[in-house]
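# Structural features, examined
Listed below, chain by chain, are the residues.
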Amino acid sequence: MADIVHRLRAVATTKIELLTMLREAADEIAELRARCEKAEAALESGQQFANQVRSIVYKLQGQAYSSTVSELNQFDADLRRARDALSQHRKRSEADD
């Protein structure tokens, strides 16, 4: 009888530990999702900034125009890479859920 009680306690302890681990994992997932949302907002803000600069860049002349367009193109490429990385991260996260 004592052996059965001991085993039941061991099983109960294991279940409690597993539930604790699941709660911690759920908290981490929630935190990662919040970070992804912040990253998406930052990407959107960056895109809005690039669009605003693009809307006035035509007023520049010569080298200033070229340099600004070049920098904007690089900025757009960086935004695309960041957006792609975020998208891949989201897909992996959703697959893990």
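It should be noted that the structure appears before, not after, this text.
Turning to the overall build of the protein, a few remarks are in order. A count of helices and strands for the protein gives two helices and zero strands. Computed over the C-alpha atoms, the radius of gyration of the protein is 25 Å, more than 25% above the 13 Å expected from 2.2 N^0.38 for a compact globule of 97 residues. Each principal axis of the C-alpha distribution contributes one length, and for the protein these read about 90 × 15 × 15 Å. Expressed as a percentage of the 97 residues in the protein, the buried residues total 11%. Accessible surface for the protein amounts to roughly 8000 Å². Of this, 57% is attributable to carbon and sulfur atoms. Looking at the protein, you have 15 positive and 16 negative side-chain charges, and the mean spots of the two groups are 2 Å apart.

Moving on, we come to the side chain of aspartate 76. Looking at the element boundaries, aspartate 76 is found in helix H2 (residues 62–96). Exposure remark for aspartate 76: the relative accessible area of 13% places this residue in the buried category. Excluding residues that lie within four positions of it along the chain, aspartate 76 makes contacts with Gln47, Ala50 and Arg54.

Turning our eyes to something else, we now look at the pattern of salt bridges. Considering all chains together, one arrives at five salt bridges under this definition. Two residues, arginine 90 and glutamate 40, come together in a salt bridge whose shortest N-O distance is 2.8 Å. Taken as a pair, arginine 90 in helix H2 and glutamate 40 in helix H1 (residues 2–57) lie far apart in primary sequence, 50 residues in all. Given a relative accessible area of 24%, arginine 90 falls into the partly exposed group. Among the residues examined, glutamate 40 registers a relative accessible area of 34% and is labelled partly exposed. The salt bridge partner of arginine 54 is aspartate 76, with a shortest N-O separation of 2.3 Å. On the criterion of sequence distance, the pair formed by arginine 54 in helix H1 and aspartate 76 in helix H2 is long-range, its members being 22 residues apart.

So, how was this worked out
Numbers given for residues are sequential positions, taken from 1 along each chain in its written order. Owing to the predicted nature of the model, reporting of local features is limited to residues with pLDDT of at least 70; listing and counting of side-chain atom pairs is limited to 80 or more, with chain, interface and lining totals taken over all residues. Excluding hydrogens and water, the side-chain figures rest on all heavy atoms present in the structure. In this text, helices come from DSSP runs of H or I with a minimum length of four residues, and strands from runs of E with a minimum of two, each type numbered from the N-terminal end. With the radius of gyration taken over C-alpha atoms, the globule rule is written as 2.2 Å times the number of residues to the power 0.38. Under the scheme applied here, a residue whose accessible area is under 20% of the maximum for its type counts as buried, over 50% as exposed, and between as partly exposed, the area being computed with a 1.4 Å probe on protein chains only. Here the open area of atoms and residues is found with the Shrake-Rupley method and a 1.4 Å probe, where only the protein chains shown may cover a residue. Residues counted as positive are Lys and Arg, residues counted as negative are Asp and Glu, and His and the chain ends are not counted. Charged side chains are reduced to one point each, which is NZ for Lys, CZ for Arg, CG for Asp and CD for Glu. Between two residues, a contact is recorded if the distance between any of their heavy atoms is within 4.5 Å. One side-chain nitrogen of Lys or Arg within 4 Å of one carboxyl oxygen of Asp or Glu is enough to make a salt bridge.

Geometric descriptors of this kind do not, in isolation, establish any biological role.
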